[in-house]
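Listed below, chain by chain, are the residues.
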Amino acid sequence: MEWSVNNAFKTSKDLEPKSVMDVALIPHIDPIDIDLGSSDKGSPNTSAKPRKKTMTSVYLKYFETAADGKSRRCKFCGQSYSIATATVILQGEIDTEIFIGTGNLGRHLSNRHPGYDKSGDIVSNPARQPTSIIKKSQPQGKPQQIDYDHLNWLIVKWLILSSLPPSTLEEKWLANSYKFLNPSIQLWSTEKYKAVFREVFRSMQEDVKASLEHVSSKISVTLDFWNSYDQISFMSVTCQWIDESWSFQKVLLDITHIPYPCGGLEIFHSIVKVLKMYNIESRILSCTHDNSQDAVHACHALKEHLDGQKVGPFCYIPCAARTLNLIIDDGLRPTKSIIAKVREFVLELNACLDISEDFVQFTTVYQEGNWKFPLDASVRWSGNYQMLDIVRKAGKSMEAVIRKYEETLGSKMLLNSAEKNVVNIVHQYLEPFYKTTNNICTNKVATVGLVLFFMDHISETVAACRDSRHNPDWLKSAAEDMAKKAKNYSNQVCNIFTYMTAILDPRIKGELIPENLNSGNHLEEARSHFMRYYSSNHFPSVTSGYSAQEIEDGGSVSFAEEIARKKRRASMSNATDELTQYLSEPPAPIPTDVLEWWKVNNTRYPRLSVMARDFLAVQATSLAPEELFCGRGDDIDKQRYCMPHDSTPALLCIKSWIQSGFKLKYKSSEIDYERLMELSATSTVDSSTAGSDKKSK
């Protein structure tokens, strides 16, 4: 689409408020992409003779036209304006000739001559002036200015943050609601929104790519998989690293469609494509997968691929959160029907204010704790444990409410003594699991070492239940299945890479590491890896000359102190000593902030700290644990499941990037949404004031 402007408008007197806005808000946009402020047209016949139409502004009748046809003078006060026209050429056809700058004429009339439309030739409901994209010539160094449709860009942000596809706007009731507020509103078509999303995705992806170029440490990736409502398989690839200031960083790389038959080979090719796109193939240290066999096969193929390119060591590990969720699911098996019954009761509590108020009163009378509504009724682990909690801690109140509202709730919700006994046993047994998941979900950085520490405790708990003589057979049977899953996970993570990741957690080291992982061979292999990849060859020489400290001392140090410092430097030149010294010290307390600990101690271990930055970024879970264990995961699953195939990658990636701190951009220019919101608020106030003034008159 070709857009030409003959002349930019100017005032011959003091300038009125401008009708255009700084380009800092939004870049110059090709109208063919989004068609700001204009309605969709059919494809013109290029062979037909060009037709030319002229659209005149409703304000021009209140201005006299000069002989040259360019100047306009107000009939009321004589204010003069210089005005021009613009020609829109669409696919070779002269479509419309628009008078540019009439927005100033309208504002002049509104500000200087209120009620102008009620004098003489009345225009009771002026038609909306077409919005034009104007590229004005400006002095070099100043941003160009444009005019554009604010509402559509605000809708873009709303769709992204709400994870809603553009087809949402096809709902006629929504469109009619906008029309009710302002009949002149013109929303973009669905295709226009999709085109904008694709361009925003490309622009922001370049920023993500540029940010990764500055990462100096190794990068770890995680994989997550799901199917949409139309049975399209998707995979998200997220990368994590620790920056030089010891802050944990995480960014979504891509959401890619896994082609049929969606097996290990297809997953492998999709991963490699993403890594090459971001140019991080040579910097990948690990991949955490979702425990599926296809993902395992893909990661194995990826390891062979990277080993063949000799880009450095690479490992892959299963997701601890998914393993723990499967283990817990076996533990809940004896109470599935009971939990379903209690959930029905909880849903009624959440839905009816009278019932919930009575429940609160009963819990106060029976001293059965304080309960916050709405109660968690999710089918995930957090919700299931809440069901057990209610029976265990507020059983009397629950029974009293059910009896009071028996006609509404029905007596089938009442639990018999055998069911209550099962709940009490399972609740007590699974309490350590609940504490473990809660700790993992709330930990600032759930390192592999800490998660292995917890998983080892879970394995011990399951083994004790299975081997106890006092537990009922149904519970021991469930514990047997739980133990198999725990052992399978332990076998997969028992390798040199997870060992190094664990010992570099200052809270774990060798003292709290699981027994099956703590072998002498692993320690020697860790030393060998340390010497090979993090030896003194990779660091500046410190074997001779005066140090910075000696220079600060002005060369006044004693001869003995000089010898002592040289010995310390010689000791530090032996990289192995750093690892030995680090492991010889007792572990830090469990509440310790791991990254803060290394930030403080990295000068003591200059080489080992580089290794720690690499390995502590390895993820124990393939997704945020709270997305699996808590109700938050339900919202994410709903969004993913309902998203159309053609909108999923762009929308979800853009949303994630915004949440990670990247600015929303269109064609490499940032969209200033703060300014947009200010303008919207100002517009609302002005409209409200104008309405009040009109009403008072």
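These numbers were taken from a predicted model, which means no experiment stands behind them.

Participant: How would you summarise the pattern of salt bridges if you had to cite specific residues and measurements?
Facilitator: For the structure on display, the rule yields 28 salt bridges. Among the salt bridges present, the one from Lys 209 reaches Glu 206, with a minimum N-O distance of 3.6 Å. Taken together, the residues span about one helical turn, with Lys 209 and Glu 206 both in helix α5 (residues 190-213) at a distance of 3 residues. A salt bridge links Glu 524 to Arg 527; the nearest nitrogen and oxygen atoms lie 4.0 Å apart. Of this pair, Glu 524 and Arg 527 both sit in helix α17 (residues 520-534), separated by 3 residues, roughly a single helical turn. What makes Glu 524 partly exposed here is its relative accessible area of 48%.

Participant: Could you give an account of empty space enclosed by the protein, with specific residues and numbers?
Facilitator: Under the definition given, this model contains 2 cavities of 30 Å³ or more. Empty space within the largest cavity amounts to approximately 50 Å³. Taken together, Pro 166, Lys 194, Phe 197, Arg 198, Asp 646, Ser 647, Ala 650 and Leu 651 form the lining of the largest cavity. The biggest single contributor to the lining of the largest cavity is α5, with 3 residues. Here the lining of the largest cavity is built from residues that sort into 4 nonpolar, 1 polar and 3 charged. Of the pockets and cavities examined, the second largest cavity occupies roughly 30 Å³. Along the walls of the second largest cavity sit Ala 320, Ala 321, Leu 324, Ile 440, Val 451, Met 455, Thr 621 and Phe 629, which together make up its complete lining. Only α8 (320-332) and α14 (448-467) provide two or more residues apiece to the lining of the second largest cavity. A per-element tally of the lining of the second largest cavity places α8 first, with 3 residues. Tallied by class, the residues present in the lining of the second largest cavity amount to 7 nonpolar, 1 polar and no charged.

Participant: Describe the confidence of the model for the protein chain, naming the residues involved and giving the relevant values.
Facilitator: Per-residue pLDDT for the protein chain averages 81, and the proportion of residues at 70 or more is 75%. A low-confidence stretch, residues 1-56 stays under pLDDT 50, and its non-local contacts, those more than four residues away or across chains, total 147 contacts. The low-confidence segment residues 85-100 (pLDDT under 50) makes 64 contacts with residues lying over four places distant or belonging to another chain.

Participant: Quick rundown of the nonpolar core? Include the residues and the values.
Facilitator: Proteins that are soluble and globular tend to have nonpolar side chains buried together. In this structure, Phe 345, Tyr 429, Phe 433, Leu 504, Trp 598 and Leu 608 are the most contacted members of the largest nonpolar core, which totals 94 residues. Take this core: its biggest share by element is 10 residues, from helix α11 (residues 381-404). In this structure, this core is formed jointly by two domains, domain 2 (198-317 + 655-663) and domain 3 (325-493), each of which donates at least three residues. Once you skip the residues sitting within four places of it in the chain, Leu 608 turns out to touch Leu 504, Phe 530, Glu 578, Leu 579, Tyr 582 and Trp 598.

Participant: With reference to specific residues and values, describe the packing of α17 against helix α22 (residues 606-615).
Facilitator: Taken N-terminus to C-terminus, the directions of α17 and α22 make an angle of 100°; their axes are 10 Å apart at the nearest point. Relative to α22, the element α17 is oriented roughly perpendicular. Judged by residue contacts, His 529, Phe 530 and Tyr 534 of α17 engage Arg 607, Leu 608, Val 610, Met 611, Asp 614 and Phe 615 from α22. Looking at side-chain class alone, the contact of α17 with α22 contains 6 nonpolar, 1 polar and 2 charged residues.

Participant: Any details on helix α15 (residues 473-493)? Residues and values, ideally.
Facilitator: Since the α-helix turns once every 3.6 residues, residues separated by three or four places project in the same direction. End to end, α15 covers 31 Å across 21 residues, agreeing with the expected 30 Å (1.5 Å per residue, within 8%). Buried within α15 are the following residues: Leu 475, Ala 478, Ala 479, Met 482, Ala 483, Ala 486, Tyr 489, Ser 490 and Val 493. Angularly, the buried residues of α15 cover 150° about the axis, an arc narrow enough to put them on a single face. Exposed side of α15, more than 90 degrees from the buried face: Asp 473, Lys 484, Lys 487 and Asn 491 are the residues found there. Buried positions along α15 lie against α8, α13 (417-442), α14 and α16 (496-503).

What counts, and where the lines are drawn
Within each chain, residue numbers correspond to sequence positions counted from 1 in written order. Local features are withheld for residues below a pLDDT of 70 in this predicted model, meaning they are given only at 70 or higher, and side-chain atom pairs are given and counted only at 80 or more; totals for whole chains, interfaces and linings count all residues. With hydrogens and water set aside, each side-chain value is computed from the structure's full complement of heavy atoms. A pair is scored as a salt bridge if a Lys or Arg side-chain nitrogen falls within 4 Å of a carboxyl oxygen belonging to Asp or Glu. Each helix is a run of DSSP H or I of at least 4 residues and each strand a run of E of at least 2, with the numbering of both proceeding from the N terminus. Relative accessible area decides the class of each residue, using a 1.4 Å probe on protein chains only: under 20% of the type maximum gives buried, over 50% gives exposed, and in between gives partly exposed. Both cavities and pockets are sets of points on a 1 Å grid over the protein atoms alone; in a cavity a 1.4 Å probe fits but cannot get out, in a pocket the set is open with protein on both sides within 12 Å along at least five of seven lines, and lining residues sit with an atom within 4 Å of a point. Grid points are joined across faces, edges and corners, and a volume is the space filled by probe spheres set on the points. Here the term charged refers only to Asp, Glu, Lys and Arg, the term nonpolar to Ala, Val, Leu, Ile, Met, Phe, Trp, Tyr, Cys and Pro, and the term polar to all other amino acids, Gly among them. The quantity called pLDDT is the predictor's confidence in a given residue, expressed from 0 to 100. The contact criterion used throughout is that any non-hydrogen atoms of two residues lie within 4.5 Å. The definition of a nonpolar core used throughout is a set of buried Ala, Val, Leu, Ile, Met, Phe, Trp, Tyr and Cys residues joined through side-chain atoms within 4.5 Å. Marked domain ranges trace back to an automatic or database domain assignment. All axes are obtained by fitting lines to C-alpha atoms, using only the stretch in contact for helices, and the reported angles, taken between N-to-C directions, cover 0 to 180 degrees. Our angle categories are set so that under 35 degrees counts as roughly parallel, over 145 as roughly antiparallel, 65 to 115 as roughly perpendicular, and the remainder as oblique. Expected span of a helix, by definition, is 1.5 Å for each gap between consecutive residues, and there is one gap fewer than residues. Directions are taken from the helix axis to each C-beta atom, and the arc is the one they span.

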